[in-house]
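Reading the structure
Residue-level listing of the chains:
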Amino acid sequence: MVTAVETKKFSLSKNTIQQRVGGRTATYHRLLGGLFFLDDAGQEVLQSFKKNKTVPEHVLQGQANTREEELIQQLIARRILVENSSPQPKKATPPIDKKVNIIQLILANACNFGCTYCFEGVQGKEMSVDDEITKVEESRIIAKDSIKVNIEDSMYASKERFEHQYSPKNRSMKPEDGVAYVESALKVARSEGIREVMVQFFGGEPMLNWRTIKAVLERFGRGEKDDMIIHYSTVTNGSLITDEVSKTFSEYEVAVCVSVDSPNSPSRPLKNGDDSMPVVMQGLRKLQQYNNRVALNSALTSATWDDFNEGIVDLAVDVGAKEIGVVVDFAPTFYSEYGADNIVDRLWNVVQYGRKNGVVLTGYWHQIFQVMLGFDTVSYRGFKNCSAKGAQFSIEPNGSVFACKAGSTLLGDIRDETKILNEQPYLDHAMLRQENPEYCRGCEIEGFCGGLCLGPLEKKYGSINTVDESACDFYRGITRKHIEAIQPYEIATFDLKPA
């Protein structure tokens, strides 16, 4: 008696996205990622599943007798092929993942630069880099009326947020407070099973508060005493880098991101109007001297449009930086004014020049592509391209916690520790960790893109659960460019036909 071979039927997932690249077809699951290449023979196999098609049980059990069967196994594993079974009831909303991976310390709500496009809005009096820290604090605590940025016109955060930011009690984080805040934040992280975090030194200009940075580094080290693995990073304008700073950053492996748009850009002057590049170059050379890990941080905005070019790559090569983080303007009007295609082309020209010179350009826009490369990366990474959606605490000098520096919603006080995770403001942010607003349903990059910065969205719409369509074409366009630039075998490549 011959026993019938059990089979199951599979079909092509509706979440499959494909893009022709050279002689192959780039393919991925729009929610889970797992980008890979198929040759034409493999593409024929995939397309044969447009209608229900049976797959033998031995293939499902991991036994493949041909290269075609091996490919089918891969397509099933990557959820490109899905089993046709009876309709399942709609799944309940998954529990919110309450995991904090990034601890951002706002060390100073002040800056010694007068950048024309700064989203912090931190304007203050000019100061000497040789001043004692107490004198520096006195010189930068200024009345709100003397701030040059028009709070009411800011696109990044609400008037209430800036009122909070410029409170005299919220200007500078004391060393003992910085240490206590990190201790509390680590308790929050550990409460949800997190054992590895990033501590970011942020501002304003964080180097105005070097003593607190030093206190945190000396107290926590790499996390050994706190049952954690701690990584460190900072974003700085580079003007206050000294031998002590460089040596300490090197010792604790602090990734240093120095903000500089172009060697010739007029958009980052000192407070007195002088060119900032000479002092920034001194800082970069000092970091080089102590073998620090350095990246540059650049902005592509309406203010820097004419100056954003290959010069930033040449500067990176000169100072030994292998990476340039590019912040593409968070203002919704930027995308409608310049056009998504023009912005993509301007950025991509510099990306290609960087590749030729061993420099990678990254940013929120690039993280979409990075997340897409892995399979189901968001489930263990914790966020798509925006850590403010549940994965980050941005802690102000007074202990207030926000999702990010640009956000308006107060999540709580860090001294309340795990209580924050159960309050609605945090839950609202964490809910967007994987779930996008309704508008995003069906988008080719839905599973990897968190949309425009939460700050301007919250300011413009009074909600974080929304999308500004003006930026969507840019995010999709730059992602397609990255896919087009991939070479065979740089990612998983399934060729059925012999070369």
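Located above this text is the structure these notes cover.
Residues numbered from 1 in each chain as written. Predicted model: local features only at pLDDT ≥ 70, side-chain atom pairs only at ≥ 80, totals over all residues. Heavy atoms only, no water.

Brief notes about the packing of aromatic side chains
- Counted according to the given criterion, the structure contains twelve aromatic pairs.
- When the ring of Phe393 is compared with that of Tyr426, the centres are 6.2 Å apart and the planes differ by 85°; the resulting orientation is edge-to-face. Residue Phe393 is found in strand 14 (residues 392-395), and its partner Tyr426 is found in helix 15 (residues 424-430); the two are separated by 33 residues along the sequence.
- One aromatic cluster is present, formed by Trp305, Phe334, Tyr335, Tyr338, Phe474 and Tyr475 through successive ring pairs.
- Here the guanidinium or amino end of Arg346 rests over the ring plane of Trp305, the centre of that ring lying 4.3 Å away. (Phe/Tyr/Trp six-rings, centres within 6.5 Å; stacked < 30°, edge-to-face > 60°. Helix = DSSP H or I, 4+ residues; strand = E, 2+ residues; numbered from the N terminus. Lys NZ or Arg CZ within 6 Å of the ring centre and 35° of its normal.)

Observations concerning the sheet that holds strand 5 (residues 53-56)
- One open sheet holds the three strands; their spatial order is 5-1-6, and the pairing between them is antiparallel. Two strands in the sheet have a free side with no partner beyond their single neighbour: strand 5 and strand 6 (81-83). On average, each strand axis in the sheet is inclined to that of its neighbour by 50°, with strand direction left out of account.
- As defined by bridge partners, strand 1 (residues 7-12) adjoins strand 5 across four bridges and the pair is classed as antiparallel. Bridging from a neighbouring strand, Lys8 pairs with Val55 of strand 5. (Pairing = 2+ DSSP bridges. Axes fitted to C-alpha atoms, helices over the stretch in contact; angles between N-to-C directions.)

Quick word on unusual backbone geometry
- Gly204 follows Gly203 through a cis peptide bond whose omega is 15°.
- If you trace the backbone, Gly204 turns up in the loop between strand 8 (196-203) and helix 7 (210-220).
- Phi is positive for Arg79, which is not a glycine, with a value near 60°.
- Of note, Arg79 is situated in the loop between helix 3 (67-77) and strand 6.
- Unlike most non-glycine residues, Tyr489 shows phi in positive territory, near 75°.
- What makes Tyr489 exposed here is its relative accessible area of 57%. (Buried < 20%, exposed > 50% of the residue type's maximum accessible area, 1.4 Å probe, protein only.)

Here's the deal with helix 9 (residues 277-289)
- End to end, helix 9 covers 18 Å across 13 residues, agreeing with the expected 18 Å (1.5 Å per residue, within 8%).
- Three or more residues of helix 9 are buried, namely Met277, Val280, Met281, Gly283, Leu284 and Leu287. Down the axis of helix 9, the sector holding all buried residues measures 160°, keeping them to one side. Residues of helix 9 that are exposed and point more than 90 degrees away from the buried face comprise Gln282 and Gln289. (Expected span 1.5 Å × (residues − 1). Arc of directions from axis to C-beta.)

Concerning the environment of Ala64
- Relative to the helices and strands, Ala64 is located in the loop between helix 2 (57-60) and helix 3.
- Non-local contacts of Ala64, meaning those with residues more than four positions away in its chain, are made with Glu69, Glu70 and Gln73. (Contact = heavy atoms within 4.5 Å.)

Details of the pattern of salt bridges
- If you walk through the whole model with that rule in mind, you get 19 salt bridges.
- In this structure, Asp473 and Arg476 form a salt bridge, with 2.8 Å as the shortest nitrogen-oxygen distance. Here the residue Asp473 and the residue Arg476 both occupy positions in helix 17 (residues 472-484), the gap between them amounting to three residues, near one helical turn.
- Asp473 sits in the partly exposed class, given a relative accessible area of 47%.
- For Arg476, a relative accessible area of 18% gives the class buried.
- Taken together, the salt bridges that share partners define one network made up of Arg30, Glu435, Glu438, Arg441 and Glu446. (Salt bridge = Lys/Arg side-chain N within 4 Å of Asp/Glu carboxyl O.)

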